[in-house]
Amino acid sequence: ACLTSSVALSQIMTRMRLTCLGHPRSSTFSKKSTCVPTLIILLIYNSINSLFLFTGYQSYLTGTFPEWYIMVPFCVVQLIFVVYSVYVVATTRRSIRAKYAIPEKQCLDCEDVCCATFCACCTISQMGRHTGDFQAFRAMCCTDTGLPRHVNISQNPAASSTIEIMKVGSTVV
């Protein structure tokens with residue numbers, strides 16, 4: 001769930017033209033500018049996590065408890081990633097609510113943080129369904145936006161729909 005929800009979140013952030021911290025991006029938007037940094041952060045986290053888990057497993061095999069100098073950095077890395085994840089999901093959700101004028105209904109002024117903290121997977125799924133038209137377009141795992149490559153994200157933020165079909169020549173793909 002850690003990998004797939006992070007990929008889905010980076011695709012949502014790319015569709016919404018958000019930075020890797022969930023804030024709106026300037027008009028000089030690059031499609032890969034959100035997806036790549038977010039996935040690099042995830043790759044670094046998983047690499048560090050694997051190193052700590054391997055060290056802990058080695059201690060387990062020898063029948064000893066891992067030393068404090070192994071456990072403290074492991075806990076710090078975990079805490080940093082959890083705080084980053086909650087922050088990014090909450091700011092992305094806040095940006096989506098602002099763009100589509102969706103009011104908070106529960107937990108006024110902290111609904112985004114509560115949803116990101118207690119049900120991040122559900123929140124990411126909801127944001128994905130809200131920002132992509134999956135009845136018209138098939139979901140794609142290995143694209144920057146999670147939509148087929150021929151689907152263009154509208155440059156007009158005032159448009160009612162953020163998705164349009166890119167025209168190739170005189171035919172619509």
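Thresholds, definitions, all that
Throughout this document, residue positions are counted from 1 along each chain, in the order its sequence is written. Reporting of local features is limited, given that this is a predicted model, to residues whose pLDDT is at least 70; pairs of side-chain atoms are given and counted only at 80 or more, and all residues count toward the totals for whole chains, interfaces and linings. Each side-chain value is worked out from all heavy atoms of the structure, with water and hydrogens disregarded. Only DSSP runs of H or I reaching four residues or more are called helices, and only runs of E reaching two or more are called strands; each is numbered from the N terminus. Think of it in three bands: with a 1.4 Å probe and only protein chains considered, a residue is buried below 20% of the maximum accessible area for its type, exposed above 50%, and partly exposed in between. Two residues form a contact once any of their heavy atoms are found within 4.5 Å. Calculation of accessible area relied on Shrake-Rupley with a 1.4 Å probe; when residues are assessed, cover is drawn exclusively from the protein chains displayed. The set of buried Ala, Val, Leu, Ile, Met, Phe, Trp, Tyr and Cys residues whose side-chain atoms join them within 4.5 Å is what this entry labels a nonpolar core. A side-chain nitrogen of Lys or Arg and a carboxyl oxygen of Asp or Glu constitute a salt bridge if their distance falls within 4 Å. Inter-axis angles, ranging from 0 to 180 degrees, are taken between N-to-C directions of lines fitted to C-alpha atoms, where helices are fitted over the stretch in contact. Oblique is the label for every angle not falling under 35 degrees (roughly parallel), over 145 degrees (roughly antiparallel), or within 65 to 115 degrees (roughly perpendicular). When the near helix sits turned anticlockwise from the far one by under a right angle, the crossing is termed left-handed; a clockwise turn instead gives a right-handed crossing. Asp, Glu, Lys and Arg are counted as charged, while Ala, Val, Leu, Ile, Met, Phe, Trp, Tyr, Cys and Pro are counted as nonpolar; the rest, among them Gly, fall into the polar class.

So, the overall build of the protein chain
Stage number 1. Within the protein chain, the regular secondary structure consists of five helices and four strands.
Stage number 2. Reading the helices (α) and strands (β) of the protein chain from amino to carboxyl end gives α-α-α-α-α-β-β-β-β.
Stage number 3. Every one of the 173 residues in the protein chain was classed for burial, and the buried ones make up 35%.
Stage number 4. Long-range pairs, those at least 24 residues apart, make up 56% of the contacts in the protein chain between residues at least 6 apart in sequence.
Stage number 5. Surface exposure of the protein chain reaches about 10700 Å², of which carbon and sulfur atoms provide 66%.

Some details on the nonpolar core
Stage number 1. Counting 21 residues, the largest nonpolar core has Leu9, Ile12, Val89, Ile124 and Met127 as the members making the most contacts within it.
Stage number 2. Of all the elements in the fold, those that place two or more residues in this core are helix H1 (2–15), helix H2 (32–62), helix H3 (68–99) and helix H5 (120–131).
Stage number 3. When residues of this core are assigned to their parent elements, the largest contribution, ten residues, is made by H3.
Stage number 4. The contacts of Ile12, once residues within four sequence positions are left out, are Thr92, Ile96, Ile124, Met127, Gly128 and Thr131.

A look at the pattern of salt bridges
Stage number 1. Per the stated rule, a full pass over the model turns up five salt bridges.
Stage number 2. Where Glu111 meets Arg93, a salt bridge forms, and the shortest distance between an N and an O atom there is 3.2 Å. Within this pair, whereas Glu111 is found in helix H4 (residues 111–118), its partner Arg93 is found in helix H3, the two being separated by 18 residues in sequence.
Stage number 3. Relative accessible area serves as the criterion here: at 10%, Glu111 is assigned to the buried category.
Stage number 4. Classification of Arg93 as buried rests on a relative accessible area of 10%.
Stage number 5. A salt bridge links Asp112 to Arg93, with the nearest nitrogen and oxygen atoms 2.5 Å apart. You can see Asp112 sitting in helix H4 and its partner Arg93 sitting in helix H3, a full 19 residues away along the chain. As far as burial versus exposure is concerned, Asp112 and Arg93 are alike and both buried.
Stage number 6. Through salt bridges that share partners, Arg93, Arg94, Arg97, Glu104, Glu111 and Asp112 make up one connected network.

Thoughts on the packing of H3 against H5
Stage number 1. As a packed pair, H3 and H5 sit with axes 11 Å apart at the nearest point and diverge in direction by 30°. As far as their axial angle goes, H5 and H3 are roughly parallel. The crossing of H3 and H5 is left-handed. Residue-level contacts link Val89, Thr92, Arg93 and Ile96 of H3 to Thr123, Ile124, Gln126, Met127, His130 and Thr131 of H5.
Stage number 2. Split into classes, the residues belonging to the contact of H3 with H5 amount to four nonpolar, five polar and one charged.

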